[in-house]
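Coordinate analysis (summary)
The chain contents come next:
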Amino acid sequence: MPRIEPLTPPYTADVDRALRRWMPPGVPREPLMLFRVLHRNPELASRMFALGAGLLGHGLLPAMDREIVIARVTARSACAYEWGVHAAALAPQAGLAPELLRATAQPDAVASAPWSPRHTALLHAVDELNDTAQLTQPAWDALRAYYDETHVLELFVLVGWYRTISLLANALLLEEEPWGARFPEATP
């Protein structure tokens, strides 16, 4: 049971409009539990929407790269809730193969699947940022071989944003969405 109960229908007109704005058009599901909890504080939810929607809908990183980053950050944060939402809805749309998606949840994601050199550099950077909140020069150089400075800046914000989202979902004890993908067990 979540530590803060999500709002339930019927919503006020303002809340309904705000929640629908967070969801892709035409999605037949209830708004995500995370969004319904955040709307217990509508001002905070509104401020968070701008960055979250900007990263997902208007980012410069290729969609597959974005979803690899999100999957790895949420996996490293042990956030089954957010990993499952992206694994079920956004990762397949971005073209992330199921084998690669599952590999993001493994302790050594790079060795767990046949990643491209670009995605290997991306995963190494995400892991370093997750572990140390810093990036070594070799990791920086590897990223810069594939990404320009606008992409790298977005990557750093994306990692930080999904660490924040993972922390929020974990601290709230959010249960996985019923339609979300189940977080895979790590293999030894």
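It should be emphasised that the depicted structure is a prediction, and the values quoted were computed from it without experimental measurement.

As for the environment of Gly160
- Secondary-structure assignment places Gly160 in helix H9 (residues 149-171).
- Of the residues examined, Gly160 reaches a relative accessible area of 33% and is grouped as partly exposed.
- Along the chain, Gly160 and Tyr81 lie 79 residues apart, while their C-alpha atoms are 17 Å from each other.

Things to note about the packing of aromatic side chains
- Applying the stated criterion to the full structure yields 4 aromatic pairs.
- Centre to centre, the rings of Trp140 and Phe156 are 6.3 Å apart; their planes meet at 40°, and the pair counts as tilted. Of this pair, Trp140 sits in helix H8 (residues 137-144) while Phe156 sits in helix H9, and the two are 16 residues apart along the sequence.
- Aromatic rings pair up to connect Trp22, Phe35 and Phe49 into one cluster.
- Over the face of the ring belonging to Trp179 we find Arg29, whose NZ or CZ atom lies 3.9 Å from the ring centre.

Looking at the nonpolar core
- The biggest cluster of nonpolar side chains holds 54 residues, and the ones touching the most others in it are Val69, Tyr81, Trp115 and Leu174.
- When residues of this core are traced back to their parent elements, those giving at least two are helix H1 (13-22), helix H2 (33-38), helix H3 (42-57), helix H4 (63-76), helix H5 (80-93), helix H6 (98-103), helix H7 (117-132) and H9.
- Residue contributions to this core peak at 8 residues, all from H9.
- Residues within four places of Leu174 in sequence aside, it is in contact with Pro2, Met33, Leu34, Val37, Tyr81 and Ala169.

Considering the pattern of salt bridges
- In total, this model carries 8 salt bridges according to the counting rule given.
- A salt bridge links Glu176 to Arg182; the shortest N-O distance between them is 2.9 Å.
- A relative accessible area of 31% means that Glu176 is categorised as partly exposed.
- Shared partners join several salt bridges into a network, and the residues in it are Arg72, Arg76, Asp127 and Asp131.

So, H1
- If you check which residues of H1 are buried, you get Val15, Leu19 and Trp22. Down the axis of H1, the smallest arc covering the buried residues is 50°, so these residues share one side. Opposite the buried face of H1, by more than 90 degrees, sit the exposed residues Ala13, Asp14, Arg17 and Arg21.
- Turning to H1, the residues buried within the fold contact H2 and H3.

What counts as what
- In this convention, every chain numbers its residues from 1, walking through the sequence in written order.
- Where totals are concerned, whole chains, interfaces and linings use all residues; where local detail is concerned, this predicted model gives features only for residues with pLDDT of at least 70, and gives and counts side-chain atom pairs only at 80 or more.
- Calculated side-chain values reflect all of the structure's heavy atoms, with hydrogen atoms and water omitted.
- To qualify as a helix, a DSSP run of H or I must reach at least 4 residues; to qualify as a strand, a run of E must reach at least 2; elements of each kind are numbered from the N terminus.
- The buried label goes to any residue with under 20% of its type's maximum accessible area, the exposed label to any with over 50%, and the partly exposed label to all in between, with areas taken from a 1.4 Å probe on protein chains only.
- Stacked, edge-to-face and tilted labels apply to pairs of Phe, Tyr and Trp rings (six-membered ring for Trp) whose centres lie within 6.5 Å, assigned for plane angles under 30 degrees, over 60, and everything in between, in that order.
- Each ring is checked for a lysine NZ or an arginine CZ that lies within 6 Å of its centre and within 35 degrees of its normal; such an atom marks a charge sitting over the ring.
- Put simply, a nonpolar core is a bunch of buried Ala, Val, Leu, Ile, Met, Phe, Trp, Tyr and Cys residues held in one set by side-chain atoms that sit within 4.5 Å of each other.
- By the convention used here, residues are in contact when the closest approach between their heavy atoms is within 4.5 Å.
- The salt bridge definition used is simple: a Lys or Arg side-chain nitrogen within 4 Å of an Asp or Glu carboxyl oxygen.
- Think of the arc as the fan of directions from the helix axis to the C-beta atoms.

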